Amino acid sequence: MKRRILVVDNEQYIQEVAKICLETVAGWEVLTASSGKEGILQAENHQPDAILLDVMMPDMDGLSAFEKLQANPATQTIPVILLTAKIQVADRRRYSQLGIKSAIAKPFNPLELAHQVAAELNWNLECNKTK
Amino acid sequence: MKILVVEDDALIAYTLTNFLTDQNYAVEVANDGKTAWDLVETYEYDLILLDIVLPKLDGISLCKKIRSSGRRVPILLLTGRDSSHDKAIGLDAGADDYVVKPCDEEELVARVRALLRRGGVNSQPILEWGSLRLDPSSCEVTYQQDQLSLTPKEYALLELLMRNNRRVFSCGMILDHLWSYEDTPGEDAVRTHIKGLRMKLKAAGALHDLVETVYGIGYRLKLQENDHNDNHELNHKSKNERTIGKLEEIWQRFIGRIEEQISVIEEAGQNIAHTQGNFNSELLLQATREAHTLAGSLGTFGLPYASELAKKIENFFQTFANLTAAEMINLQPKLQTWVKSLRQEINRKNQQINGPDNSQKELTLSPRENIDNEIAPTVNKTKILVVDDDLKTLELLQVLLTPWGLEIITLNHPEQFWNTWEKIQPDMLILDIEMPSMSGIELCKMIRSHDQGREVPILFLTVHSNVEIVNQVFSVGADDFVSKPIIISELVNRILNRLERVRLVKIMERNRYAKTNQINENNKFIVESYHNLVEVYPEAILIVSQDDLVFVNSAAVRLLGVNSAGELLGRKFIEFVHPQHREEIQENLKSLQTNQRLIPLQEVKFLQAGGGIIYVETVGAFLTYQNQPAAQIVARDITRRKQTELALHKTKNELELRVNQRTVELINVNHQLQSQLDEQKRTQDALRISENRFEAILSIADDAIISIDNSQQITLFNQGAEKIFGYTAEEVLGKKLDLLLPTRFAQEHRNHVATFGKSSAHARRMGERQEIFGCRKDGSEFPAEASISKLDLGRESVYTVILRDITERKQVEKMKDEFVSVVSHELRTPLTSIHGSLGMLTSGLLSTTSEQGKRLLQIATDSTERLVRLINDILDIERIESGKVKMERENCDLRDLINSAINIMQTLADKAGVSLSIHNSNSSSNISSIQLWADPDRIIQTLTNLFSNAIKFSEPGSTVYLMTELQKDQVLVTVQDTGRGIPEDKLESIFERFQQVDSSDSRNHDGTGLGLAICKSIVQQHGGKIWVKSVLGEGSSFYFTLPILTVYDRANLQGLVTDQLDYETSLITDANSPLVLVCDDDAITRQELENLLLQGGYRVLTVASGDQAIAQAVIQHPDVILLDLVMPGINGWETMAGLKKCSDTKDIPIVICSVYKSSQNNLNCQEDTNAESVKFADWLSKPVEETDLLNSLRKVVSEPSRKLKILIIEDDHDLADLLATLFGRHDIETFIAKTGREAIHLSQKVNPDLLILDLILPEADGFTVVDWLKQHDQLFSVPVVVYSAKDLDDSERHRLKLGHTEFFTKGRVTTQEFEQRVMDLLQRITTKQ
């Protein structure tokens, strides 16, 4: 069964790139959302196996969205990985305080992204190796 | 009571006198025995106090003398000798009592009283007279138990009368008894006292005449008591009766004799009658005598008529011998008559006596019996010697006069006179004239010729009363004459008066005597004193009489070097005068004799006996010495003085010398001190300047500079600290540094400071490990950065904290962090896309030709572009906001800008299907030209941004409108779209960075989020505003304003100046600005040049061709022509030639503005033209730089007729020199004033064209200088360039205005700029002139 990943980022291009990367490399099903709100909706509706969550978004930022997800029993259990430019030490501390275990820095290595995600989630990955 | 005190000791005499006068005694003092004896002889004293040891006559001898003279006056001896032997001697000598000195006052007085008592009538101590009581011991007088208060003299008077209460006292006697001879008043005094006494007695109830006046004689006490009175009356009566009785007795006794006498007279009468001229002369003589006697005595017996008859008879008998016969016969019958009458009278008397009353007959008295027992024997009775041959007269007188207190001694036989005289020593003589053996007159003569008898009063008592007898009587020296028959009262009166007179005479004599004595004494005293004085006088006194020394005192003896006066006396005075002065002295002495003036004080030299020379001061006076004219010379030895003077003089010279030396020394020292002082002053000045500088540094420092002492109390708190903390220095000085810290840090801080204090470090940053905060006055905290340094001054340490409020910095840091964070994110975002896409592609997992691959490439490309844009925008906005990019403003037309913007956006608009529309809201026409002073590119950028947004958010087919509206001094530009609008809460925030309304919108991908922020920045930099109005769903309108350029504004805006500089200028473009004619065919060039020139304050006229240039030059007469070379029509050279040809314009300086460089063309032109002097003032190559242009114009337009003068007022040496050099290069005369005072002085002297003024100066700061200059009639409008260290506020700037004043802050303007500005100013000034 294909894993389903939800990518939440307000940047269109990043959504696309990320989607292509994950699909190509990991073969996962990738859903996208452009805002925190949208992301929550998607999560609720489609119950992804994981969420890649951007932080810097207008309206609701990633962390608030995360809280919402946690609060919602429907989405509580979905593991969340932050995908963000804010990866300073202070930021990381903050994330862990909130309960987010992992964060991946932007820009990300497109080839490595899937692996990083899998590693974080302890998934086995059958990925398409580079030729 | 009168007491004589005989005492040689003045003090004791004085004391005794006081004692006794206290007791109301009259006291007289004699200082020696002789005087005492004289007094005793003259006066009556009631008591004598006698000292034994006396000069002249000792007390014992005197006492004996007094006693042997018969005087019974009480004598009280007082003396220092106490032995019984002396007492015995004294008492034996006749003293009544003996008192030993020193004697007690009380005892003495009591003894005196006792003695007086004894001498007095009453043995009782208290005197009584009727109801009158007098107590001598208490000096109290009472009348019927009422005490009388009497004056001392009244008391004394009463005592006297009471003691001698039978005696009559005349005024004179009273005076004698009650007053000492020195102060004896007149008789009126006595009468006054009597009156006083009577009044007091009357007041006490006594009868008025208790003190009885006995007229003609004196006063006595009257018997007043009734029984006494009666007694007395009786006694009185009986006394009268007795007297009468006595007379009768005497008559009886002598009746026989009288008979005899009558018979003789009768017989003589018969004889005469019968003999008729042959009379018995002897009988006649006898008859005469008897008649004489009868005449004298009959009257006394109460037969006055008989006396007269007898007198007549006597006369008759006396003159009988001389009568003629006829007269004889005539007078006969008269005689008979007289005789008969006489006889009758006598017979009658006999009958009377022998009448019924026979009781009287039995009385027999002895003539000398003192019948009146009541008559008190008074002290010192007056003795009267009566000489008369008629016994009955004698007896008569005795009887009659004795009651008056007079002692009568009778002498019947004149021959015995002298014996009696010796024995009795009478006070007075009464002589009869007719006496058988010797007439009274002869006797009188005899007495008078006798020594002793010269003074005694002689009274003649005789029947004779004819003138001759009287004359005789007086001629022999008798004092008075009383006729018989005796009238007792008259006789007594005469006697008493005579006695009075005698007494008076005696007194007067005594006075005279005493006076003479006194005078003699005085004289003696004077002489003695003189001698004493002269003797002891320390200076030599010499008396020179007729050239000889007749008197020398002991000082003179010493002075002249001899041993005794004897060696000098008799010698010539001149011998002792130094030959040098002899002549002078002789002259002096002579003139002294002649003029009897003084020889004034002079210094001469004397010769001593031994030959020694002495210096003396002499003064001389004339005097009579021993009745000879003489000179008294006083000579003072001044030898020593002379020596002293010499020594003094020498010393003085020495002293002067030393003083001079010392003065020189002192002057030197003074100089040194002065130079030290100067040095000190200099140091002080330097210190002050340094302090000023320090203060200035402190004051300009924005940072807080705080000094604290060992105990962390604030000792220094600069302006920066004041600003930062909000306290004034006064508020914090002395307070602890803790005040400035938040409380939670206080303790820790203290520890830190303490640790620091102990450490050896000199400086340290505070809060190295942590942030520190400061606490303001209002309680607010702020982050701070500080460092602390330590200065050890021995005991004390001074800590200085420099602290900075880093709130802003922190904010900025925070903002930067945020920005970095945001930007980093923003950058990473496209990077992520790029990296991701390209990464995927290069991995080979996707083919670039696949759909996804192509998509990735596209994404990568777009993201790259975005990244670029982002970076540009970021840089842009940073630069704009930081001010690093200056808006390069210029005169531009909004219309053009809008057009440009539209051009740029057109393509985008077309692509979006949006049309752009522009119009002017003022009019429906196209946008008009609006001049702006703006950076055209930036405005275009703003417009494009707005357009971009508008287009982005507009639906295809819609229109984006741009409108301009000209407002008062700004233009309002509107960009309006009909897009989706902007929510209200974002209307403000969208102008912030990275704010996008909806970032999810893909249309925002292009945007960087910085566009509006940039627009805002640009608009604000131009002094405008930007805002947005929007309705969601309908569209948005973006507005911004830009200020329009007015002529005034144009003048104000100057390129190089930042908006930190403020200045005022007068309208540069007034008629006095130089006119520049710009000739260039290129409009843009023209425009550019015009701009530059306008900026430079010139008036500009532009022409496009050379012809026009010449024409305009003639009309307008510009000050300078800027000439392009390459022009159509006539070229620059030709134009120049034309200008030069015309006389109006040939002098106008020409500046070439050409693309060509000058060096090349110089050569060319010279070749080209016709050797006309094509003199051009300057060459500018295009593009023309403003500075070059202005510089050249400046040079060209006004050749300064004179050198400009700048006064640089700056205390910093280096800076002043720098400025001077700077401006010196411009051929300007510079003057430097280092102090305010110098500035004022120099500015007057130099009259500069410009002042460069530093504000902080010694001796009056810049403000003061300006204030002063304001008063100056020329300099009040001098242009000033204020070049100060600190920024000035408006009031300060106002204060500093003189003429055109500009303000520069050191540090904010570069030297070059400064120079430029000043040159501009000068240029302006000179051109104005």
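Residues numbered from 1 in each chain as written. Chains lettered and ligands numbered in written order. Predicted model: local features only at pLDDT ≥ 70, side-chain atom pairs only at ≥ 80, totals over all residues. Heavy atoms only, no water.

**Here we look at the overall build of chain B**
Link 1 in the chain: Counting secondary structure elements, chain B contains 39 helices and 44 strands.
Link 2 in the chain: In chain B, which comprises 1329 residues, the share counted as buried stands at 47%.
Link 3 in the chain: Taking as baseline every contact in chain B between residues at least 6 positions apart, the subset at least 24 positions apart corresponds to 62%.
Link 4 in the chain: Summed over all atoms, the accessible surface of chain B reaches about 67,500 Å², with 50% contributed by carbon and sulfur. (Helix = DSSP H or I, 4+ residues; strand = E, 2+ residues; numbered from the N terminus. Buried < 20%, exposed > 50% of the residue type's maximum accessible area, 1.4 Å probe, protein only. Contact = heavy atoms within 4.5 Å. Areas by Shrake-Rupley, 256 points an atom, 1.4 Å probe, with all protein chains shown as cover.)

**Brief notes about the interface of chain B and chain A**
Frequently, the measure chosen for interface size is the accessible area removed from exposure when the parts meet.
Link 1 in the chain: Opposite the 25 residues of chain B that make contact, chain A presents 28 residues.
Link 2 in the chain: Carbon and sulfur atoms supply 66% of the area buried between chain B and chain A, which totals about 2,500 Å² over both sides.
Link 3 in the chain: The three residues of chain B that bury the most area against chain A are His825(B), Thr832(B) and Leu845(B), which together make up 23% of that side's buried surface.
Link 4 in the chain: At the boundary of chain B with chain A, the tally comes to two salt bridges.
Link 5 in the chain: Linking chain B with chain A are five residue pairs in polar contact (both at pLDDT 80 or more).
Link 6 in the chain: Of all elements in the fold, only α24 (807-843) and α25 (851-882) of chain B reach the threshold of two or more residues within the side of chain B that touches chain A.
Link 7 in the chain: Examining the composition of the side of chain B that touches chain A, we find that 13 residues originate from one element, α24(B), more than from any other.
Link 8 in the chain: In the side of chain B that touches chain A, the residues fall into six nonpolar, 15 polar and four charged. (Buried area = accessible area lost by both parts, 1.4 Å probe. Salt bridge = Lys/Arg side-chain N within 4 Å of Asp/Glu carboxyl O. Polar contact = N/O pair within 3.5 Å; in protein donor to acceptor, adjacent residues only side chain to side chain. Nonpolar A, V, L, I, M, F, W, Y, C, P; charged D, E, K, R; others polar.)

**What to know about the packing of aromatic side chains**
Residue and element names in this part refer to chain B.
Link 1 in the chain: If you walk through the whole model with that rule in mind, you get 15 aromatic pairs over all chains.
Link 2 in the chain: Here Phe 717 and Phe 725 contribute two aromatic rings whose centre-to-centre distance is 6.2 Å and whose plane-to-plane angle is 45 degrees, an arrangement assigned as tilted. Here Phe 717 matches Phe 725 in class, with each residue buried.
Link 3 in the chain: Here Phe 725 and Phe 782 contribute two aromatic rings whose centre-to-centre distance is 5.4 Å and whose plane-to-plane angle is 65 degrees, an arrangement assigned as edge-to-face. Of this pair, Phe 725 sits in helix α21 (residues 719-725) while Phe 782 sits in strand β26 (residues 781-793), and the two are 57 residues apart along the sequence. (Phe/Tyr/Trp six-rings, centres within 6.5 Å; stacked < 30°, edge-to-face > 60°.)

**Examining the confidence of the model for chain A**
Link 1 in the chain: The share of residues in chain A with pLDDT of 70 or more is 95%, and the mean pLDDT across the chain is 86.
Link 2 in the chain: Here helix α5 (residues 89-98) of chain A is the element of chain A with the lowest mean pLDDT, 84, and strand β2 (residues 29-33) of chain A is the one with the highest, 93. (pLDDT = per-residue confidence, 0-100.)

**Structural notes on the pattern of salt bridges**
Link 1 in the chain: One pass over the full model with this rule turns up 59 salt bridges over all chains.
Link 2 in the chain: With a closest N to O distance of 3.4 Å, Glu29(A) and Arg4(A) form a salt bridge. In this pair, Glu29(A) is assigned in strand β2 and Arg4(A) in strand β1 (residues 4-8), connecting sequence segments 25 residues apart.
Link 3 in the chain: The exposure class of Glu29(A) is partly exposed, given its relative accessible area of 31%.
Link 4 in the chain: The exposure class of Arg4(A) is partly exposed, given its relative accessible area of 23%.
Link 5 in the chain: For Asp480(B), the salt bridge goes to Arg498(B), with nearest N and O atoms at 4.0 Å. Pair noted here: Asp480(B) is in strand β16 (residues 480-483) and Arg498(B) is in helix α17 (residues 488-536), with a separation of 18 residues, a long-range link. As far as burial versus exposure is concerned, Asp480(B) and Arg498(B) are alike and both buried.
Link 6 in the chain: Through salt bridges that share partners, Glu539(B), Glu603(B), Glu617(B), Arg636(B), Arg641(B), Lys642(B) and Glu645(B) make up one connected network.

**Here we look at the environment of Thr75(A)**
Residue and element names in this part refer to chain A.
Link 1 in the chain: As for its placement among the helices and strands, Thr 75 is situated in helix α4 (residues 73-76).
Link 2 in the chain: Residue classification places Thr 75 among the buried residues on the basis of a relative accessible area of 1%.
Link 3 in the chain: Taking the C-alpha atoms as reference, Thr 75 lies 9.4 Å from Asn 45; in sequence the two are 30 residues apart.
Link 4 in the chain: Those residues in contact with Thr 75, other than ones at most four positions away along the chain, are Ala 43, Glu 44, Lys 68 and Leu 69.

**With respect to the environment of Leu598(B)**
Link 1 in the chain: Tracing the chain through its elements places Leu598(B) in the loop between α19 (579-595) and β19 (599-607).
Link 2 in the chain: A residue is classified by how much of its surface remains accessible, and Leu598(B), at 60% relative accessible area, is exposed.

**Examining the pairing of strand β41 (residues 1229-1233) of chain B**
Residues and elements named next belong to chain B.
Link 1 in the chain: Here five bridges tie strand β40 (residues 1205-1209) to β41, and the two strands are oriented parallel to one another. Residue pairing across strands places Leu 1207 opposite Phe 1231, the latter belonging to β41.
Link 2 in the chain: The parallel pair β40 and β41, bridged by helix α35 (residues 1213-1224), forms a crossover whose chirality is right-handed. (Pairing = 2+ DSSP bridges. Right-handed = clockwise from strand over helix to strand, strands pointing away.)

**Observations regarding unusual backbone geometry**
Glycine aside, residues mostly have negative phi, and peptide bonds are mostly found in the trans state.
Link 1 in the chain: With omega at -10 degrees, the peptide bond leading from Lys106(A) into Pro107(A) counts as cis.
Link 2 in the chain: Assignment of secondary structure puts Pro107(A) in the loop between β5 (102-105) and α6 (110-121).
Link 3 in the chain: Of note in this structure, Gln712(B) is not a glycine but carries a positive phi near 60 degrees.
Link 4 in the chain: By secondary structure assignment, the location of Gln712(B) is in the loop between β22 (704-708) and β23 (714-717).
Link 5 in the chain: What makes Gln712(B) buried here is its relative accessible area of 9%.

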